[in-house]
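# Geometric and topological summary
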Amino acid sequence: MTKLVIQRNDNTSSWYDTFHIKEKKGMTVLDALFHIQEKVDGSLCFRYSCRGAVCGSCAMLINRVPRLACKTQISTIKKEIINESNSNDVLLKNKEMDEFKEEILIEPLPLPNSNIIKDLVVDLEPFFDLVYSIKPWIDEGRHDNTDPNTLIEPAMHEKIDQFTNCILCSLCHSICPAFKHDEQYMGPATLAKAWRYYLDPRNDQESKNGLLNTINTENGVWGCDVVYKCVGICPKKVPPTKGILNLRDVIKK
Ligand code: FES
């Protein structure tokens, strides 16, 4: 049996409930949450959509590490617990974790400036407000689809692609230390998107200049502490810090 300790939240309070489930081969944390919701406690709330690490909805803290529940197998977490004493991961060595030894601890993602709506569901509006602040789209009115000069060359496509892979799961946002000294920081996901749209040749120079103006601030590209935590946590291997440093170089020129 696997023991899951889940943080529950409602409008007024927060507490932990314990559930025991029979683990099946290949079972993910999201599968375990479904099992609990369907068979044990129908009031358990969590967010999901694709179940295949594509939509980014199921982001949560699993043993104090931000992860996608649909991409995290129960067996992987159990192995981590066994190896914990040999681990250098400060998150796993967190002293508070001692009381949860041999258990899987599931908590809502700690997003800056966001409230918990219920149980594991966090308000994502503040996060998406930041993303939309850089206007992450190609302005159709300014872009001529028939102009062959705006076709994307394979080399440029490859450069853009690694940033396009961002699924806006907000894991990087939750782990970024820059929010500790600036709550208004735009965050790694927003700035990675900014670099993706700056690179895109379908965006005209005026749009690119507007984009640079928006992120050339203390709470924009200059707010990053360059500690690469976002790069390490991204489930899609997007390197936000690289995008931020590239944007700084463009601004300095
Ligand atoms: S449910 Fe879509 S990423 Fe997990």
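Residues numbered from 1 in each chain as written. Predicted model: local features only at pLDDT ≥ 70, side-chain atom pairs only at ≥ 80, totals over all residues. Heavy atoms only, no water.

### So, the overall build of the protein chain
Scanning the protein chain from terminus to terminus reveals nine helices and seven strands. Of all 253 residues assigned to the protein chain, the portion counted as buried reaches 48%. Taking the intrachain contacts of the protein chain between residues at least 6 apart in sequence as the baseline, contacts between residues at least 24 apart amount to 63%. Of the roughly 13,400 Å² of accessible surface on the protein chain, a fraction of 49% belongs to carbon and sulfur atoms. (Helix = DSSP H or I, 4+ residues; strand = E, 2+ residues; numbered from the N terminus. Buried < 20%, exposed > 50% of the residue type's maximum accessible area, 1.4 Å probe, protein only. Contact = heavy atoms within 4.5 Å. Areas by Shrake-Rupley, 256 points an atom, 1.4 Å probe, with all protein chains shown as cover.)

### Quick look at the packing of helix α4 (residues 154-164) against helix α6 (residues 188-199)
For the pair α4 and α6, interaxial distance at closest approach is 9 Å and the crossing angle is 160°. Viewed along their axes, α4 and α6 adopt a mutual orientation that is roughly antiparallel. Here α4 and α6 pass one another in a crossing that is left-handed. Residues Met-156, Lys-159, Ile-160, Phe-163 and Thr-164 of α4 form the contact with α6, whose participating residues are Ala-192, Lys-193, Trp-195, Arg-196 and Leu-199. For the contact of α4 with α6, a count of residues per class yields six nonpolar, one polar and three charged. (Axes fitted to C-alpha atoms, helices over the stretch in contact; angles between N-to-C directions. Parallel < 35°, antiparallel > 145°, perpendicular 65-115°, else oblique. Left-handed = near helix turned anticlockwise from the far one by under 90°. Nonpolar A, V, L, I, M, F, W, Y, C, P; charged D, E, K, R; others polar.)

### As for the environment of Phe-127
Its location among the elements puts Phe-127 in helix α3 (residues 125-133). Its relative accessible area of 1% is what places Phe-127 among the buried residues. Those residues within four positions of Phe-127 in sequence are excluded, and the remaining contacts are Leu-168, Ser-170, His-173 and Ala-189.

### Focus on the packing of aromatic side chains
Under the criterion given, the structure shown has seven aromatic pairs. Seen in terms of ring centroids, Phe-34 and Tyr-48 are 4.6 Å apart; in terms of plane orientation they differ by 80°. Their pairing is edge-to-face. Placement of Phe-34 in helix α1 (residues 29-40) and of Tyr-48 in the loop between α1 and β3 (59-62) is noted, with a sequence separation of 14 residues between them. We classify Phe-34 as buried; its relative accessible area is 7%. The class of Tyr-48 is partly exposed, set by a relative accessible area of 36%. Note on Trp-195 and Tyr-198: the rings are 5.8 Å apart at their centroids and 15° apart in plane angle, and the pair reads as stacked. With Trp-195 and Tyr-198 both in helix α6, this residue pair falls three residues apart, about one helical turn. (Phe/Tyr/Trp six-rings, centres within 6.5 Å; stacked < 30°, edge-to-face > 60°.)

### Side note on the pattern of salt bridges
A side chain with one charge can pair with a side chain of the opposite charge if their charged atoms come near. Here the structure, examined in full by the defined rule, presents 10 salt bridges. Between Glu-107 and Arg-64 there is a salt bridge, with its nearest N and O atoms 2.8 Å apart. One end of the pair, Glu-107, is in strand β5 (residues 104-107); the other, Arg-64, is in the loop between β3 and β4 (65-68), with 43 residues separating them in the sequence. Taken as a pair, Glu-107 and Arg-64 share a single burial class, namely buried. Here Asp-200 and Arg-202 are joined by a salt bridge, their closest N and O atoms 2.7 Å apart. Exposure remark for Arg-202: the relative accessible area of 29% places this residue in the partly exposed category. (Salt bridge = Lys/Arg side-chain N within 4 Å of Asp/Glu carboxyl O.)

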